[in-house]
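# Report on the structure
Each chain is listed here by its residues.
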Amino acid sequence: MILATFIHNSGAHPGGWRWPGAPVADLHDFAHYAHLAQVAERGKMHCYFSGDSVGFPSISGSDAFAATDYAGKLEPTTLLAALAMVTSNIGLIATASTTYNEPYNIARRYASLDHLSKGRAGWNVVTSASDGEARNFGRDINMDHAERYDRAEEFVDVVKALWDSWEDGAILRDREAARYFDPAKVHELDHQGKHFKVAGPLNVARPPQGHPIIVQAGGSEAGRRLAARTADLIFTAARSLEVGQEFYADMKARAAAFGRNPDHVKVIPSMQLMVRGTEEEARKAEAELLELVPEALALRTLSLQLGVDLSHLSPDDKLPDLPATNGGKWVQQQIIQLAREKDLAIGALARHVVVSRASFSFAGTPEQVADLCENWFRTRGADGFSLSPNYQPGGLEDFVDQVIPILQKRGLFQTDYEGSSLRESLGLPTPENAFVANPALGREPRMWA
């Protein structure tokens, strides 16, 4: 199975930073992230995810509680370039939005990270979901959901074409002939689409992996299409094994419909797992963490996840019928279904959502956690997992030191890295260069002086 860790800077659990057994980390201190990446690499985990957004919640009233994870959000590709210098094998995946970036910048940034890390880079493709992000880029409200995904489809295609604009072997460094590169192996794009005009070529040679790993969190219909067509890893929220199995089967079928090998599209749902020596200790720790979450934060998080202001309702009220959100549609759908199925009042629903959003959470012994992972893996609910430790660094250390050895003993997880690149580690082929596969795509190369 594939194992990644998705690092929420202050811990995935909103009470995690207050956990008495954990240090209060300085989220601007590189040493904090270096330790986490090195712990994950010690456990032979495939990937280190760094999440991101380009906005900040308002800091008035209850919103101030929600800002913890934003109060030290270092730009992720910058951070991962530094982490590449203190790790050797683990994949380094950074989030970047297609809504408030341009393809050339992203292609260059991730090609650079792939070169600096010697083939360990990945791009977590997202569309920005909040109006708060929009207001930082000259807009009052966010783009419509459909427009965001239409833009994202073209964005990813252009980025991949830019990565291919240099063929492998284009760099010659031939001093005697005074030829640093071969112009015949460098291609302009002359892309003119609905959302972008990009001339190309990139000013960075083709990445070592051909294309850095593409990650996408497909959930809505538009998100599933984008993920099935373009992604190598699909990151998702599945609140139960049954939901995970449905999503897994659907994404494999969609990938096949696009002519892709379903085995080369890996599905890794998010999980928050608490590991303790006994069941009683696990349940106690779970309850103690929840007590560290202010009620106002739980209620505000529920509103943010649903994309609807619920402040006029009582915690004892049932969730009313809600309009469709312009934000994350899949998350909204899963939370509404949970409320209806379990007949939860808003307060109880908020306390559930504030911990796991729409993902799966579990507390148990190392053997129970390993059993859970094995069951999801063997019953085609997942190709692996993206683990979001509740608090740092202990949550990750517990899983690496207590659960991974059990999975390795069962033959379910690697005992060492396979190959030097992230693609090799994941068992994924190197993409063929589009200009080599179809020479008609490229115009006559420009002869640079």
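In case you missed it, the structure is sitting above this.
Values in this document were obtained by computation on a predicted structure and should not be read as measured data. (Residues numbered from 1 in each chain as written. Predicted model: local features only at pLDDT ≥ 70, side-chain atom pairs only at ≥ 80, totals over all residues. Heavy atoms only, no water.)

## Thoughts on the overall build of the protein chain
Condition: Only DSSP runs of H or I reaching four residues or more are called helices, and only runs of E reaching two or more are called strands; each is numbered from the N terminus. This radius of gyration counts C-alpha atoms alone. The globule rule is 2.2 Å times how many residues there are, raised to the power 0.38. Note on contacts: a residue pair is in contact if any heavy atoms of the two residues lie within 4.5 Å.
Helices and strands together make up the secondary structure of the protein chain, namely 15 helices and 13 strands. Over its C-alpha trace the protein chain gives a radius of gyration of 22 Å, about what one expects of a compact globule, namely 22 Å for 449 residues. By principal-axis analysis of the C-alpha atoms, the protein chain measures approximately 75 × 50 × 45 Å. Excluding contacts between residues fewer than 6 apart, the proportion of contacts in the protein chain whose partners are at least 24 apart in sequence is 77%.

## A closer look at the nonpolar core
Under the convention used in this document: Within this scheme, the nonpolar core is defined by two criteria: the residues are buried Ala, Val, Leu, Ile, Met, Phe, Trp, Tyr or Cys, and they are joined through side-chain atoms within 4.5 Å. Burial here depends on accessible area, computed with a 1.4 Å probe over protein chains only, as a share of the maximum for the residue type. Under 20% is buried, over 50% is exposed, and the range in between is partly exposed.
In this structure, Leu3, Tyr48, Trp123 and Leu407 are the most contacted members of the largest nonpolar core, which totals 82 residues. If we ignore the near neighbours within four places in the chain, the residues touching tyrosine 48 are Thr5, Ile7, Tyr33, Leu36, Ala37, Leu80, Leu83, Ile90, Gly91, Leu92 and Ile93. Core analysis: the next-biggest nonpolar cluster, separate from the first, contains 18 residues, Leu302, Leu306, Val308 and Ile336 among them.

## Looking at the packing of aromatic side chains
The description of an aromatic ring pair rests on the distance of the ring centres and on the angle between the ring planes. Just so we agree on the cut-off: In this analysis, rings of Phe, Tyr and Trp, with Trp reduced to its six-membered ring, are considered paired at centre separations within 6.5 Å, and the interplanar angle assigns stacked below 30 degrees, edge-to-face beyond 60, and tilted for intermediate values.
A full pass over the atoms with the stated rule returns 12 aromatic pairs. Judged by centre distance (6.4 Å) and plane angle (65 degrees), the ring pair of tryptophan 376 and phenylalanine 385 falls under edge-to-face. The class for tryptophan 376 is buried, based on a relative accessible area of 2%. For phenylalanine 385, a relative accessible area of 0% puts it in the buried group. Here the aromatic residues Tyr110, Trp123, Phe155, Trp163 and Phe196 are joined through ring pairs into a cluster of three or more.

## A few points about the layout of surface pockets
Stated precisely, the cut-off is as follows: Think of a 1 Å grid over just the protein atoms. A cavity is a set of points where a 1.4 Å probe fits yet cannot get out, a pocket is an open set with protein on both sides within 12 Å along at least five of seven lines, and lining residues have an atom within 4 Å of a point. Grid points are joined across faces, edges and corners, and a volume is the space filled by probe spheres set on the points.
Considered as a void within the structure, the second largest pocket measures approximately 320 Å³ in volume. Taken together, 16 residues form the lining of the second largest pocket, with Lys160, Thr230, Asp232, Arg260 and Pro431 sitting closest to its centre. Taken together, the elements giving at least two residues each to the lining of the second largest pocket come down to α5 (145-163) and α6 (221-230). Among the elements that take part in the lining of the second largest pocket, α5 stands out by supplying three residues, more than any other.

## Here's the deal with the pairing of strand β2 (residues 47-50)
The condition that has to hold: Paired strands are those between which DSSP finds at least two bridges.
With burial as the criterion, each face of β2 is covered, one bearing Cys47 and Phe49 and the other bearing Tyr48 and Ser50. Note: strand β1 (residues 2-7) against β2, four bridges, orientation parallel. Paired with phenylalanine 6 across the bridge in β2 is phenylalanine 49. Looking at chain direction, β2 and strand β3 (residues 91-97) are connected through four bridges and run parallel. In the sheet register, tyrosine 48 faces β3, and the bridge partner there is leucine 92.

## Things to note about helix α12 (residues 366-378)
What counts is decided by this rule: Helices are assigned an expected span. That span is 1.5 Å times one less than the residue count.
Look at α12: 18 Å from first C-alpha to last across 13 residues, which is about the 18 Å you get at 1.5 Å a residue. Within the span of α12, buried status applies to Pro366, Val369, Ala370, Leu372, Cys373, Glu374 and Trp376. Arginine 380, located one to two residues past α12, shows a positive phi value of around 60 degrees.

## Quick notes on the pattern of salt bridges
For clarity, the cut-off: We define a salt bridge as a contact between a side-chain nitrogen of Lys or Arg and a carboxyl oxygen of Asp or Glu at a distance within 4 Å.
This structure, assessed with the given rule, holds 22 salt bridges. The closest approach of N and O atoms between glutamate 153 and arginine 225, which form a salt bridge, is 3.2 Å. A residue pair is termed long-range when its members are at least 10 positions apart, and glutamate 153 in helix α5 and arginine 225 in helix α6 qualify at 72 residues. Between glutamate 246 and arginine 224 there is a salt bridge, and its shortest N-O distance comes to 3.4 Å. Of this pair, glutamate 246 sits in helix α7 (residues 241-257) while arginine 224 sits in helix α6, and the two are 22 residues apart along the sequence. What makes glutamate 246 partly exposed here is its relative accessible area of 41%.

## So, the environment of valine 436
Relative to the helices and strands, valine 436 resides in helix α15 (residues 434-437). Placed 251 residues apart in sequence, valine 436 and lysine 185 show a C-alpha to C-alpha distance of 8.9 Å.

## A word on the environment of serine 303
Locating serine 303 in the fold gives a position in helix α9 (residues 295-306). In sequence terms serine 303 and glutamate 176 are 127 residues apart; their C-alpha atoms lie 66 Å from each other.

## Side note on empty space enclosed by the protein
One water molecule sets the probe size; rolling that probe over the atoms shows where empty space is left. With the rule as written, the count across this model stands at three cavities of 30 Å³ or more. What the largest cavity holds in volume is close to 60 Å³. Every residue lining the largest cavity is listed: Met271, Gln272, Leu273, Leu387, Ser388, Pro389, Gly395, Leu396 and Phe399.

## A few points about the pairing of strand β4 (residues 121-126)
Here β4 lies mainly inside the structure; five of its six residues are buried. Relative to β4, β3 runs parallel, the two sharing six bridges. Each bridged residue has a counterpart across the sheet, and for leucine 92 the counterpart in β4 is alanine 121. When β4 meets strand β9 (residues 213-216), the two strands line up parallel, connected through four bridges. Along β9, the bridge assignment pairs valine 125 with glutamine 216.

## Some thoughts on the side chain of glutamine 414
What counts, and what does not: Any pair of nitrogen or oxygen atoms within 3.5 Å is treated as a polar contact; in protein, a donor-acceptor pairing is required on top of that, and neighbouring residues in sequence qualify only through side-chain atoms on both sides.
Tracing the backbone shows glutamine 414 in the loop between α13 (394-409) and α14 (422-426). A polar side-chain atom of glutamine 414 sits 2.6 Å from the main-chain carbonyl oxygen of lysine 44. Within the local environment of glutamine 414, its side chain forms a polar contact with the side chain of histidine 46, the two groups lying 3.4 Å apart.

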